[in-house]
Structures are given as C-alpha cells and as structure tokens.
Protein chains: 2
Amino acid sequence: MVKKISPFAINLEQKCIDKGLRLTDQRKVIVKLLEETIMDTKFHPDVDEIHKRAVAIDKKISIATVYRTVKLLEEADIIDRHEFKEGKSRYEAVTETHHDHLIDINSGEIIEFVDDEIEKLKKKIANKLGFELVDHRLELYCKKLK
Amino acid sequence: MVKKISPFAINLEQKCIDKGLRLTDQRKVIVKLLEETIMDTKFHPDVDEIHKRAVAIDKKISIATVYRTVKLLEEADIIDRHEFKEGKSRYEAVTETHHDHLIDINSGEIIEFVDDEIEKLKKKIANKLGFELVDHRLELYCKKLK
DNA sequence: ATAATTGCAAATGCTTTGCTTGTGA
DNA sequence: TCACAAGCAAAGCATTTGCAATTAT
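Predicted, not measured: the structure shown is a model, and the values here were computed from it.

1. Some details on the environment of Lys88 of chain B
Residue and element names in this part refer to chain B.
Item 1. Relative to the helices and strands, Lys88 is located in the loop between β1 (79-82) and β2 (90-93).
Item 2. Aside from chain neighbours lying at most four places away, what touches Lys88 is Asp46, His82 and Glu83.
Item 3. Within polar-contact distance, the side chain of Lys88 engages the side chain of Asp46 at 2.9 Å.

Here's what the structure looks like:
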C-alpha cells in the first residue's frame, strides 16, 4: 500500500498522518498544543506544561500518555527534545532550519537564533577532528545587557 | 584570619584547601581520582564511576558522599559538571581555558577541543541579541569519518 | 569542643512500564 | 476485528535529604 505524503505539511497532525501514526483523541490534543511552538518561538513546554494544558481540553489525558506521545513524536522527527540545565526535557516542533538557544538565566526566557557562520564552523571543527557531524547543540546562558 | 592562597595550585587538594574546604578522608580520595581528568582529557567519569573507583581505595565511601562532594566541588569551581545526552552527569577538573566536547555517537568517546573562533562567535551572538554571555555549552555528536 | 561531614535508608522528581481495558483504521 | 493505544499504579533511575553517629580543625 502506497502512503500518500504531503511534502509541505503545514500542520503537525498532517505530519503524523504522513508518518502513519494513529491519531487518537489524546494525540490530536497534544499535537495541537505543540503546534503553538511554531508561531511562538519562545514557547518550549515541558511534559508537565503539556499535560496541564491537555487536561484543560480533555481531562481524561494521563501524564503517561503525554510521555509516550512526546517520545513517539520525537522518534518520528516531528518534534525536538531539548534538555537545558534544569533536569527535565522541553519540546518544540521541528523546524526546517537548525537553530540554537539563548537562555536568560534570570528570567528563564528561551530565545531562538540562527547563525550560519556558527553552523559552518561546527561542521568544519568536526571534520578537522576526523568526524562527520550528526547532531549538535549549542546553548548560551546569558544575562540581559543594560 | 587571612587565608593563604596558592595562585598556581597544581593539584585539586590544594585548591580545596585554598577554598577552605574541610578535607576528610573521603574527599581526599574523590579529589585524587578527579585529578586524573586533567591528564586524561577523555576521562569524564559519572558518579557511579567515581564511586566504584573510590570504593576500591576505601570501601566505606558511600555514594551519598560522592554526590555531596561532587556538588561541593562544582560550587567551589573546582570541577565542571557536564550533562551529555544520556541523562546523568559527568565531571572533570576545571581547566584554565574553556573547551567544548565532541562525542562519538558510536563509541561514546568524548573528545575535548578548543576553538577561539567559535568562542568569539558565541560572545558576538549573545551581544548582538542584547545579552552578556555568562555560560555556554557546545556539544558535537559525531561519527568517525573513514 | 563543636560545627561540619558521613552512612544509611527513605524520599524525591522525572520518566518508563506492566497490565487490563478501550479504540482507531 | 484486533493490533495498537490509554489509564492507572507500580517500578526505575539519578539524585537529594533527614537523622543519628562520627570526625576535622
């Protein structure tokens, strides 16, 4: 059976269908929530935050389901998991272009940025050391200049 | 009372004394172990590894003490804690110059590298966004080129 | 002497999992 | 229909902590 693929899936639910994931009511709610991370680039919810918001929509969604769904979506390359220095994971929808994060250590605010120069440099360093870059993370922990 | 400071402390035990940390038998053992991370740049032990090695020297050292000591040393800026993508912390003695890490995703080997260009770029990016860089981490997850 | 440190075991916080019941395709 | 998903509660894992006993200065 040939699966129909939408190459320009605009929403995460469509991406799930494209990947052949079964769309339960719970998954629809969670996926809808995570879609907000596309427009609001400062929104990187953790499992608790996702669960709280999900329960507000449908109170029968358990935290176990949130954990399972978030893991599933990560494995399907639909969302990214980040572990900043706080001991828990935060999630956001996968974006076309790679970006890094700047974390305001006073407010906790997370700012995304894209910098081609630093992306090229990462690749160059890996190659120089005899490696091929597969994945990478760069986090800048900062305080506001006044 | 004026504390005597050794500005060029060659060993971690001296650094502990300089910072006014009480040197118990257990701490001496742990600190001695962690000193190995200075010469062996690929050695980034986790708490379990430190505890295993510590017990081999003095079997009455508990894992709680390892956790407490490692936290103490981190707060005293004597060692650095790293959290690579594996869900536990790894430690190494603080070095004069900042370095980043390249992790071989197949072997788990951790390689340290220093790159001035990327350090400058980190600072530049933070400033451009209106921030002052306080802390940062860059990890390259790679596979060997053949 | 005495304030700090230890060992032990219990508690924590985040995450995973076994099992039974429920449900999407 | 029926393989897969959900809910619940128990388990897992790294880490922290309360408390009584021990120890460094």
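Still more to cover.
2. Considerations on the sheet that holds strand β4 (residues 110-113) of chain B
Item 1. The 6 strands are arranged β4(A)-β3(A)-β5(A)-β5(B)-β3(B)-β4(B) in an open sheet whose pairing can be described as mixed. Looking along the sheet, the strands with just one partner apiece sit at the ends: β4 (110-113) of chain A together with β4 of chain B. For this sheet, the mean inter-axis angle between neighbouring strands, taken without regard to orientation, is 25°.
Item 2. For strand β3 (residues 100-104) of chain A and β4 of chain A, the ladder comprises 4 bridges, and the chain directions are antiparallel. Bridge pairing in β4 of chain A links His101 of chain A to Glu112 of chain A.
Item 3. With respect to the sheet, helix α5 (residues 116-128) of chain A is in contact with β3 and β5 (131-144) of chain A together with β3 (100-104), β4 and β5 (131-144) of chain B, its orientation differing from that of β5 of chain A by roughly 135°.
Item 4. Packed on one face of the sheet, helix α5 (residues 116-128) of chain B meets β3, β4 and β5 of chain A together with β3 and β5 of chain B and runs near 135° to β5 of chain B.

3. Observations regarding the packing of aromatic side chains
Item 1. Counted under the stated rule, the structure contains 0 aromatic pairs over all chains.
Item 2. In this arrangement the basic side chain of Lys85 of chain B is found over the ring face of Tyr141 of chain B, its NZ or CZ atom lying 5.0 Å from the centre.

4. What to know about the protein's contact with DNA strand D
Item 1. Surrounding DNA strand D, one finds 21 residues, the nearest of these being Thr24, Gln26, Lys60, Thr65 and Arg68 of chain A.
Item 2. A share of 70% of the atoms of DNA strand D within 4 Å of the protein falls on sugar and phosphate groups.
Item 3. At 2.7 Å from a sugar or linking oxygen of DNA strand D is found a side-chain nitrogen or oxygen belonging to Gln26 of chain A.
Item 4. A distance of 3.4 Å is found between a base oxygen of DNA strand D and a side-chain nitrogen or oxygen belonging to Arg68 of chain B.
Item 5. At the level of elements, α2 (25-39) and α4 (63-75) of chain A together with α4 (63-75) of chain B are the ones that each hand at least two residues to the surface near DNA strand D.
Item 6. No other element matches the 4 residues that α4 of chain B contributes to the surface near DNA strand D.
Item 7. Of the residues belonging to the surface near DNA strand D, the class tally is 5 nonpolar, 7 polar and 9 charged.

5. Quick notes on the relation of the copies chain A and chain B
Item 1. Overlaying chain A with chain B gives an RMSD of 0.0 Å, the required rotation being 180° about an axis along which the chain moves by 0.0 Å. Given the turn and translation reported, the copies of this chain are related as if by a two-fold rotation axis. Taking C-alpha positions as reference, the residue of chain A nearest the rotation axis is Leu138 of chain A, located at 2.1 Å.
Item 2. A share of 100% of the interface residues of chain A reappears at the interface of chain B, consistent with the copies meeting face to face through the same patch.

6. Describing the pattern of salt bridges
Item 1. Taken as a whole and assessed by the stated rule, the structure comprises 36 salt bridges over all chains.
Item 2. Glu83 of chain B is the salt-bridge partner of Arg81 of chain B, the closest N and O atoms lying 3.4 Å from each other.
Item 3. Relative accessible area serves as the criterion here: at 19%, Glu83 of chain B is assigned to the buried category.
Item 4. The residue Glu119 of chain B makes a salt bridge to Lys122 of chain B at a minimum N-O spacing of 3.2 Å. With Glu119 of chain B and Lys122 of chain B both in helix α5, this residue pair falls 3 residues apart, about one helical turn. Here Glu119 of chain B matches Lys122 of chain B in class, with each residue buried.
Item 5. Several salt bridges share partner residues, and in doing so they unite Lys42, Asp104, Glu109 and Lys144 of chain A into one network.

About the criteria used
- Residues numbered from 1 in each chain as written.
- Chains lettered and ligands numbered in written order.
- Predicted model: local features only at pLDDT ≥ 70, side-chain atom pairs only at ≥ 80, totals over all residues.
- Heavy atoms only, no water.
- Helix = DSSP H or I, 4+ residues; strand = E, 2+ residues; numbered from the N terminus.
- Contact = heavy atoms within 4.5 Å.
- Polar contact = N/O pair within 3.5 Å; in protein donor to acceptor, adjacent residues only side chain to side chain.
- Pairing = 2+ DSSP bridges.
- Axes fitted to C-alpha atoms, helices over the stretch in contact; angles between N-to-C directions.
- Phe/Tyr/Trp six-rings, centres within 6.5 Å; stacked < 30°, edge-to-face > 60°.
- Lys NZ or Arg CZ within 6 Å of the ring centre and 35° of its normal.
- Near = heavy atom within 4 Å.
- Nonpolar A, V, L, I, M, F, W, Y, C, P; charged D, E, K, R; others polar.
- Least-squares fit on C-alpha atoms with pLDDT ≥ 70 in both.
- Salt bridge = Lys/Arg side-chain N within 4 Å of Asp/Glu carboxyl O.
- Buried < 20%, exposed > 50% of the residue type's maximum accessible area, 1.4 Å probe, protein only.

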